[in-house]
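A closer look at the structure
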Amino acid sequence: MSEVVAVIGAGSWGTTLANLLAKKGHPVRIWAHEPEVAEAINAYRENTGYLKGIALDPRLEATADLALALRDAEVIVSVSPSQHVRRVLADAAPAIRTDALVVSASKGIETSTLKTMAEVLDDVLPPAVAARACFLSGPSFALEVAKEQPTAVAVASRSADAARQAQLLFQTEYFRVYTNPDVRGVELGGALKNVIALAAGMAVGLGLGHNALAALITRGLAEITRLGIALGASPLTFAGLAGMGDLILTCTGELSRNRSVGIALGQGRPLESILSEMKMVAEGVETARAAFDLANRTGIEMPIVAEVHAVLFQGRHPREAVENLMLREPKAELWR
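Residues numbered from 1 in each chain as written. Predicted model: local features only at pLDDT ≥ 70, side-chain atom pairs only at ≥ 80, totals over all residues. Heavy atoms only, no water.

Things to note about the overall build of the chain
To keep it simple, the criterion reads: By definition, any uninterrupted DSSP run of H or I lasting at least four residues is a helix, any uninterrupted run of E lasting at least two residues is a strand, and each is numbered from the N terminus. Only C-alpha atoms enter the radius of gyration; for comparison, a globular chain is expected to reach 2.2 Å times N to the power 0.38, where N is the number of residues. Here the term buried applies to any residue with accessible area under 20% of the maximum for its type, exposed to any over 50%, and partly exposed to those in between, with areas from a 1.4 Å probe on protein chains only. Two residues form a contact once any of their heavy atoms are found within 4.5 Å. Using a 1.4 Å probe, the Shrake-Rupley method yields the accessible areas, and only the shown protein chains count as cover for residues. Counting rule for charge: Lys and Arg are taken as positive, Asp and Glu as negative, and neither His nor the chain ends is counted. Charge coordinates come from a single atom per side chain, which is NZ of Lys, CZ of Arg, CG of Asp or CD of Glu.
Each helix and strand counted, the chain has 16 helices and 10 strands in total. Taken against the 2.2 N^0.38 rule, which gives 20 Å for 336 residues, the C-alpha radius of gyration of the chain at 19 Å falls within 12% of a compact globule. For the chain, the spread of C-alpha atoms along the principal axes amounts to about 60 × 40 × 35 Å. Burial analysis of the chain (336 residues in total) assigns 55% to the buried set. A fraction of 72% describes how many contacts in the chain between residues 6 or more apart in sequence connect residues 24 or more apart. Roughly 14300 Å² of accessible area belongs to the chain as shown, and the carbon and sulfur atoms make up 54% of that amount. On the chain, the mean spot of the 32 positive side-chain charges and the mean spot of the 36 negative ones are 2 Å from each other.

Here's what the structure looks like:
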């Protein structure tokens, strides 16, 4: 059965998910913050600014009118940058049906409140809608999904029925969806891996080898898991697609925006210059602020996060950050 879908956010990931659903036969309206993006999608059947070279299904319609995008929508897919989700969904809330399924595909932590997207949705959506909200995460570069290359992700929800609905909605022959009841773990894994990807990129930019990269990924996963457990997540989640899977992809894949930012930092470029040249958002930069604050609030040791934060916001050189990590007081506990 075809469901009317509204996708909020016309970046590369939002466009990819909208096109996937349109190709499955759903009428999809995608909302673009930039009117010229909506116009280009409708005129050329391509998002030339964010997903160049991918032909878009004719059942996909774009608009810069949020109310129009949401009209009669049975499914709302939220793909705005994490720092804008509260504002955009607060504006959208009056037009969202009480029986609608909301699926969040934004990966980040709100820096002003240190809340995950689930907590933000709890604040701005009607309680019945927020209780059924789903959270899509996992190792999934937009361009590869758009090219229909095999991908596996996780969808988490406090409602098993809603998770199943989202699973069936998105699953295709090239996009496999697994359900997970651990909303907190799936969200934290998807957000925090971007911070470790910045560190991995710095290692590449400094000319360090595979040993260093393997150490960063492994120790980064330990930090993510420690914080996740402290915040109520299941440790098993971090061994899965939304944890280790997404971390490996983002730390090693050439399509990773956060890794690319890290490489440029490792090569000595200032952060402001790097970000000024980017059209898309590198979520790890703002998430590094939130992760650093969460670690301090909970008393969880996250040395990689602390060093990334110091490079981004305190002027520390990436090579000094590496030295600090290597010369830390040795730990006896194996898992720490």
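So, next bit.
Quick word on the pattern of salt bridges
Put simply, the test is: Take a side-chain nitrogen of Lys or Arg and a carboxyl oxygen of Asp or Glu: if they are within 4 Å of each other, that pair is a salt bridge.
Taken as a whole, this structure holds 15 salt bridges when the rule is applied. The residue Asp 99 makes a salt bridge to Arg 97 at a minimum N-O spacing of 2.9 Å. Its relative accessible area of 49% is what places Asp 99 among the partly exposed residues. The partner of Glu 119 in a salt bridge is Arg 184, with the nearest N and O atoms 3.2 Å apart.

Remarks on the layout of surface pockets
Left-over empty space is what a probe sized like a water molecule reveals as it rolls over the atoms. Put simply, the test is: Buriedness of a pocket was judged along seven lines, with at least five required to meet protein on both sides within 12 Å; pockets are open sets of points on a 1 Å grid over the protein atoms alone, cavities are sets where a 1.4 Å probe fits but cannot get out, and lining residues have an atom within 4 Å of a point. Grid points are joined across faces, edges and corners, and a volume is the space filled by probe spheres set on the points. Gly falls in the polar group here, along with every residue not listed as nonpolar (Ala, Val, Leu, Ile, Met, Phe, Trp, Tyr, Cys, Pro) or charged (Asp, Glu, Lys, Arg).
In this structure, the largest pocket occupies an estimated 1100 Å³ of space. Lining the largest pocket we find 47 residues, and of these Ser 12, Trp 13, Arg 257, Met 280 and Val 281 sit closest to its centre. Residue contributions to the lining of the largest pocket peak at 5 residues, all from helix H12 (residues 257–266). Considering only residue class, the lining of the largest pocket consists of 22 nonpolar, 15 polar and 10 charged.

Comments concerning empty space enclosed by the protein
For the structure shown, the criterion picks out 1 cavity of 30 Å³ or more. Space inside the largest cavity adds up to approximately 70 Å³. Taken together, Ser 104, Ser 106, Lys 107, Gly 108, Met 117, Phe 135, Leu 136, Ser 137, Val 186, Glu 187, Gly 190 and Ala 191 make up the lining of the largest cavity. Those elements that provide at least two residues to the lining of the largest cavity are strand S8 (134–137) and helix H9 (183–205). Of the residues forming the lining of the largest cavity, the biggest block, 4 residues, is contributed by H9. Here the residues of the lining of the largest cavity sort into 5 nonpolar, 5 polar and 2 charged.

Focus on the packing of H9 against helix H11 (residues 241–252)
Definition in use: Convention adopted: a line fitted to C-alpha atoms gives each axis, helices being fitted over their contacting stretch, and angles between N-to-C directions are expressed from 0 to 180 degrees. An angle counts as roughly parallel when it lies under 35 degrees, as roughly antiparallel when it exceeds 145, as roughly perpendicular when it falls between 65 and 115, and as oblique in every other case. If you view the pair so one helix is near and one far, a crossing is left-handed when the near helix is turned anticlockwise from the far one by less than a right angle, and right-handed when it is turned clockwise.
Remark: H9 packs on H11, axes separated minimally by 8 Å, with the N-to-C direction vectors making an angle of 25 degrees. Of the possible angle classes, the one that applies to H9 and H11 is roughly parallel. Crossing angle aside, the handedness with which H9 passes H11 is right-handed. Facing Val 186, Gly 189, Gly 190, Lys 193, Asn 194, Ile 196, Ala 197 and Ala 200 of H9, the residues of H11 in contact are Ala 242, Asp 246, Leu 247, Thr 250 and Cys 251. Split by residue class, the contact of H9 with H11 holds 7 nonpolar, 4 polar and 2 charged.

Details of the sheet that holds strand S1 (residues 5–8)
Test applied: The pairing criterion for strands is at least two bridges between them, as found by DSSP.
Ordered by their spatial adjacency, 8 strands build an open sheet running S3-S2-S1-S4-S5-S8-S9-S10, and the pairing between neighbours is mixed. In the strand order of this sheet, the two ends are held by strand S3 (60–63) and strand S10 (175–180), each with one partner. Direction aside, neighbouring strands of the sheet carry axes that sit 25 degrees apart on average. The strands that helix H2 (residues 35–44) touches are strand S2 (28–31) and S3; relative to S3, the one it contacts most, it runs at about 150 degrees. Lying on the sheet, H11 is in contact with S8, strand S9 (151–157) and S10; it crosses S9 at an angle near 140 degrees.

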